[in-house]
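For reference, the chains in residue letters:
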Amino acid sequence: AGYRLGERLGAGAMGEVYAATSSDGVECALKFLHPEQRGRSGAAERFDREIATSLELAHPHLLAVYGYGYCRDGRLYLATERLH
């Protein structure tokens, strides 16, 4: 997806978050939907709604969204600003 993965920053019920660097050198965070969630009813749709909502909102206290999509292996991801 044009990102180099770094360390795992955290995980939750729906996915995992990794530090990453974009192909143009921007540090970011990548959130992936857990592979086992793809088969569960409604999981991908909830992640899609999270992405859509994130794209609609802009506020100084919210993370900037850099991109989203599917990796070559089929995993859905959301790329956001990374806070240190």
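Scroll up for the structure.
Residues numbered from 1 in each chain as written. Predicted model: local features only at pLDDT ≥ 70, side-chain atom pairs only at ≥ 80, totals over all residues. Heavy atoms only, no water.

### Describing the pattern of salt bridges
Tallying each qualifying case throughout the model produces four salt bridges. Salt-bridge contacts for K31 lead to E50; the nearest nitrogen and oxygen are separated by 3.0 Å. Highlighted residues: K31 in strand β3 (residues 27–33) and E50 in helix α2 (residues 43–56), separated in sequence by 19 residues. Residue classification places K31 among the partly exposed residues on the basis of a relative accessible area of 22%. For E50, a relative accessible area of 30% puts it in the partly exposed group. Of the charged contacts, one joins R75 and D73 as a salt bridge, the two residues approaching to 2.9 Å between their closest N and O atoms. The exposure class of R75 is partly exposed, given its relative accessible area of 21%. A relative accessible area of 45% means that D73 is categorised as partly exposed. (Salt bridge = Lys/Arg side-chain N within 4 Å of Asp/Glu carboxyl O. Helix = DSSP H or I, 4+ residues; strand = E, 2+ residues; numbered from the N terminus. Buried < 20%, exposed > 50% of the residue type's maximum accessible area, 1.4 Å probe, protein only.)

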